[in-house]
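Below are the chains, spelled out letter by letter.
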Amino acid sequence: MTDTNADTLAAAPPRMKYREIRRMMRTYSRSFSSMLGLCLVVLFLFVALFGEWLAPYPEDAYGAVNFSAKLLPPSAEHWFGTDQVGSDILSRVLIGARTTLQIGLTVTGIAILIGVPLGLAAGMAGGWVAETIMRITDIFLSIPGLILAIAIVGALGPGILNAMLALSLVWWPGYVRLVQAKTLSLRNETYVDAARALGAGPFRILFVHVLPNCLSPIVVKASMDMGMAILGAASLGFLGLGAQPPYPEWGAMISTGRAYLPDWWWCTFFPGLAIYLTVLGFNLLGDGLRDVLDPRQR
């Protein structure tokens, strides 16, 4: 489906839409890496939703202490071993997946809510409005995102909520750039000129003709940003600026467990593996969606 015929497909009969969806599913399923990413993301979502029921020792994720079982290696009783206070690492990893999902959704959602409207305004309005928006965006883009997030969290104080807020405030410029460039390429398309000639107002053109055709790149970027937001939150947690112990967050678990390397390697290995597989899954999912939704990649 190309951007120029998106409106035509939207008005097409259901049978044509069904064929298009089947074609996209076939295209996606032919890629091993895309299917691997989908499986990893589905597994992550399943664990995030049902982690409290899957965890063998759910109380360990909320500060339970059992010094008699501290730093036990992986075994049949504790598959991922235990940490320095005797908490089951598997239980903390499973329940921490929900925290990780909340971080990814919150950061990506707020970034979209800020960046997409600003990108649309900059692309459609032009003039001083576009210049003001894009120069502010350039200022944010000129500072490394993680460094700016660290500065914001340092000013607000450590904590999971402040970490999500800081990451959201540094994530939106990418959406402004993406949507502004896409809007500039769409606003002079033939179907937009036709709608304008028929008397369509600017808001109708924006929300009926321009915004729907911007959704494909937004979805692709959002799927990749989910993984990067999770990695960013884990980085803040590792530095002690994100979730604070005993909160079950993967980055904070790695930060706590690094003091016990290399003898008690499982304290950091399994939370790190969870981060790696989750970020890999979202990146592969985004690559697959790009191949399906972007006509230039097909």
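Quick caveat: nothing in here was measured; it's all calculated off a predicted structure.

Details of the overall build of the protein chain
When helices and strands are tallied, the protein chain shows 11 helices and zero strands. Taken from the N to the C terminus, the helices and strands of the protein chain come in the order α-α-α-α-α-α-α-α-α-α-α. Projected onto its principal axes, the C-alpha coordinates of the protein chain cover approximately 80 × 45 × 25 Å. The proportion of buried residues among the 298 residues of the protein chain is 45%. Partitioning the contacts of the protein chain with sequence separation of at least 6, the portion at a separation of at least 24 is 71%. For the protein chain, the computed accessible surface area is about 15,000 Å², with 69% contributed by carbon and sulfur atoms.

So, helix H10 (residues 250-257)
Counting buried positions along H10 yields seven of eight residues, so the element is predominantly enclosed. Within H10, the full set of buried residues consists of Trp250, Gly251, Ala252, Met253, Ile254, Ser255 and Gly257. In this structure, the buried residues of H10 make contact with helix H3 (32-54), helix H4 (89-125), helix H9 (202-238) and helix H11 (266-293).

Focus: the confidence of the model for the protein chain
The predicted model of the protein chain has a mean per-residue pLDDT of 83, with 92% of residues at 70 or higher. The element-level mean pLDDT for the protein chain is lowest in helix H1 (residues 6-10), coming to 45, with H3 highest at 91. Within the model, pLDDT remains below 50 along residues 1-12, and this stretch shows 24 contacts once partners closer than five positions in the same chain are excluded.

Re the layout of surface pockets
Estimated volume of the second largest pocket: approximately 290 Å³. Lining the second largest pocket are 15 residues, and of these Leu43, Val47, Val93, Ala274 and Leu277 lie nearest its centre. Mapped onto the lining of the second largest pocket, the elements with two or more residues apiece are H3, H4 and H11. The element that contributes the greatest number of residues to the lining of the second largest pocket is H11, accounting for five residues. Taken together, the residues of the lining of the second largest pocket sort by class into 14 nonpolar, one polar and no charged.

Section: unusual backbone geometry
A negative phi angle is the norm for most residues apart from glycine, just as the trans form is the norm for most peptide bonds. Note the cis peptide between Leu261 and Pro262, where omega equals -5°. Along the polypeptide, Pro262 turns up in the loop between H10 and H11. Positive phi, normally seen in glycine, also occurs at Leu71, with a value near 55°. Its location among the elements puts Leu71 in the loop between H3 and H4. Since its relative accessible area comes to 15%, Leu71 is described here as buried.

Rules behind the numbers
- Residues numbered from 1 in each chain as written.
- Predicted model: local features only at pLDDT ≥ 70, side-chain atom pairs only at ≥ 80, totals over all residues.
- Heavy atoms only, no water.
- Helix = DSSP H or I, 4+ residues; strand = E, 2+ residues; numbered from the N terminus.
- Buried < 20%, exposed > 50% of the residue type's maximum accessible area, 1.4 Å probe, protein only.
- Contact = heavy atoms within 4.5 Å.
- Areas by Shrake-Rupley, 256 points an atom, 1.4 Å probe, with all protein chains shown as cover.
- pLDDT = per-residue confidence, 0-100.
- 1 Å grid on protein atoms, 1.4 Å probe; cavity = no way out; pocket = protein on both sides within 12 Å on 5 of 7 lines; lining within 4 Å.
- Points joined across faces, edges and corners; volume = space filled by probe spheres on them.
- Nonpolar A, V, L, I, M, F, W, Y, C, P; charged D, E, K, R; others polar.

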